Amino acid sequence: MNNVLLNIYEFDAPWAYETLKHVLLPGMKVAVLTMSHGDEIPNADVWESLYLPGGKIYEVLTHTFAAYGIPAEHVTFLSWFHHDGAYARKVLSESDALFMTGGLPDRFCDRIRRWGIEKDIRAFGGVVIGVSAGAMMQMKEYHITPDEDYDSYGYYEGLGLLDGFEPEVHFCNSEVQRESIARYLSERTKPVYAMTNQGGLLVEDGKITMLGDVTRFPEEQS
């Protein structure tokens, strides 16, 4: 399994493309899990306005995958409102890559478990790509830095695909992010990779490759 951790859907930019073009190959089939939403997507109608052809997220993601030679008809969007665990397992079994959207990681993980597909994701043998929440929840345990969605620092159980390090997403070197990183290093003593929106990580067989603008804490000694 190759794991990709990102912050934005436009990962066809040069800082990511030059590395990921060797991972995301033409003709691949992609399953997109879209269950990270909160109250901003309250029903199927709103979901459809974003994830069906013509919708903002559909257009951005299919355009991005097209840059890697993956056509829109090879990208299947899985919806909490329209599908179920049985259908998700079928799509996963036929896919070469799994993409997990950004949003609320704890709610996303809860829905995955309610669908009963956590083991299927852990057993998935292809490329797993996660943006923001979808990056965080790939970890065995992830932390949340306080922001507009979460009012306090906390630790949460992830999907258990990765361990031994921690991502800090949407890094802009803010005071609250610096405090969060310092707390994580003190309490968990694992390295933190702080990724700006022009940065990400590729993890291949435990080897971490930094893409674009990423800072590792603590800094490695030369």
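For the structure itself, consult the block above.
Residues numbered from 1 in each chain as written. Predicted model: local features only at pLDDT ≥ 70, side-chain atom pairs only at ≥ 80, totals over all residues. Heavy atoms only, no water.

Student: Just to check I follow, could you spell out the nonpolar core for this structure?
Tutor: Taken as a class, soluble globular proteins show a tendency for nonpolar side chains to be buried jointly. If you look at the biggest cluster of nonpolar residues, it comprises 36 residues, and the most contacted ones within it are Leu 5, Leu 33, Leu 98, Ile 112 and Ile 121. Listing elements by their share of this core, those giving two or more residues are strand 2 (30-33), helix 4 (85-93), strand 4 (97-100), helix 5 (105-115), helix 7 (133-136), strand 6 (141-144) and strand 9 (192-204). In this view, Leu 98 contacts Ala 31, Leu 33, Leu 92, Ile 121, Phe 124, Val 127, Val 128 and Ile 129; residues no more than four positions away in its chain are not counted. Within the second largest apolar cluster, 31 residues are counted, among which are Leu 20, Val 32, Trp 47 and Val 127. (Core = buried A, V, L, I, M, F, W, Y, C linked by side-chain atoms within 4.5 Å. Buried < 20%, exposed > 50% of the residue type's maximum accessible area, 1.4 Å probe, protein only. Helix = DSSP H or I, 4+ residues; strand = E, 2+ residues; numbered from the N terminus. Contact = heavy atoms within 4.5 Å.)

Student: Honestly, the layout of surface pockets in this entry has me stumped. Any pointers?
Tutor: Vacant regions in the atomic arrangement are exposed by a probe of water-molecule size rolled over the atoms. Considering only enclosed or pocket space, the largest pocket measures out at about 560 Å³ in volume. Taken together, 26 residues line the largest pocket, and the ones lying closest to its centre are Ser 132, Asp 147, Glu 148, Val 169 and His 170. Counted by class, the lining of the largest pocket contains 13 nonpolar, eight polar and five charged residues. (1 Å grid on protein atoms, 1.4 Å probe; cavity = no way out; pocket = protein on both sides within 12 Å on 5 of 7 lines; lining within 4 Å. Points joined across faces, edges and corners; volume = space filled by probe spheres on them. Nonpolar A, V, L, I, M, F, W, Y, C, P; charged D, E, K, R; others polar.)

Student: Hey, could you run me through the packing of aromatic side chains in this one?
Tutor: Both the distance between ring centres and the angle between the ring planes are used here to describe each pair of aromatic rings. One pass over the structure, following the stated rule, counts 16 aromatic pairs. For the pair Tyr 150 and Tyr 156, a centre-to-centre distance of 6.5 Å together with 65° between the ring planes defines the contact as edge-to-face. A relative accessible area of 11% means that Tyr 150 is categorised as buried. Taking the relative accessible area as the measure of exposure, Tyr 156 reaches 27% and is therefore partly exposed. (Phe/Tyr/Trp six-rings, centres within 6.5 Å; stacked < 30°, edge-to-face > 60°.)

Student: Teacher, can you tell me more about helix 4 here?
Tutor: Turn by turn, an α-helix covers 3.6 residues, leaving residues three or four places apart pointing in a common direction. Inspection of helix 4 places Gly 85, Ala 88, Val 91 and Leu 92 among the buried residues, and these make up the whole buried set. In a view along the axis of helix 4, the buried residues occupy a sector of 120°, so they form one face of it. In this structure, the buried side of helix 4 is in contact with strand 2, strand 3 (75-78), strand 4, helix 5 and helix 6 (118-122). The opening residue of helix 4 is Asp 84, an N-cap whose side-chain oxygen sits 3.3 Å from the backbone nitrogen of Ala 86. (Arc of directions from axis to C-beta. Polar contact = N/O pair within 3.5 Å; in protein donor to acceptor, adjacent residues only side chain to side chain.)

Student: Looking at this model, I keep getting lost on the packing of helix 2 (residues 44-51) against helix 3 (residues 56-67). Mind explaining?
Tutor: When two helices pack together, their arrangement is given by the angle between their axes and by how far apart the axes lie. With their axes 4 Å apart at the nearest point, helix 2 and helix 3 run at an angle of 35° to one another. Between helix 2 and helix 3, the contacting residues are Ser 49, Leu 50 and Tyr 51 on the first element and Lys 56, Ile 57 and Tyr 58 on the second. Looking at the contact of helix 2 with helix 3, its residues break down into four nonpolar, one polar and one charged. (Axes fitted to C-alpha atoms, helices over the stretch in contact; angles between N-to-C directions.)

Student: I tried to follow the pattern of salt bridges on my own but got confused; where do I start?
Tutor: Any two side chains of opposite charge can pair, on the condition that their charged atoms come close. Across all of its chains, the model carries nine salt bridges by this definition. In this structure, Asp 110 engages Arg 114 in a salt bridge whose closest nitrogen and oxygen atoms are separated by 3.4 Å. Pair noted here: Asp 110 and Arg 114 are both in helix 5, with a separation of four residues, about one helical turn. The class for Asp 110 is partly exposed, based on a relative accessible area of 36%. Several salt bridges converge on common partners, so that one network encompasses Arg 113, Glu 118 and Arg 122. (Salt bridge = Lys/Arg side-chain N within 4 Å of Asp/Glu carboxyl O.)

Student: What is the right way to read helix 5 from this model?
Tutor: What helix 5 keeps buried is the set Pro 105, Phe 108, Cys 109, Arg 111, Ile 112 and Trp 115. The buried residues of helix 5 occupy an angular sector of 160° when the element is viewed end-on, so they sit on one face. At the C-terminal side of helix 5, Gly 116 shows a positive phi close to 75°.

Student: I would appreciate a short explanation of the environment of Arg 188 in the present structure.
Tutor: Of note, Arg 188 is situated in helix 8 (residues 175-188). In this structure the C-alpha to C-alpha distance between Arg 188 and Val 169, which are 19 residues apart in sequence, comes to 17 Å. Engagement of the side chain of Arg 188 in a polar contact is seen with the side chain of Glu 141, the distance being 2.7 Å.

Student: What should I look at first to understand the environment of Tyr 51 in this one?
Tutor: Among the secondary structure elements, Tyr 51 is positioned in helix 2. When its relative accessible area of 3% is taken as the criterion, Tyr 51 is described as buried. When the C-alpha atoms of Tyr 51 and Ser 79 are compared, they prove to be 8.8 Å apart, with 28 residues separating the residues in sequence. Leave out the neighbours within four places in its chain, and Tyr 51 touches Thr 34, Ile 41, Ile 57, Tyr 58, Phe 77 and Thr 101.

Geometric values such as these leave the question of function open.
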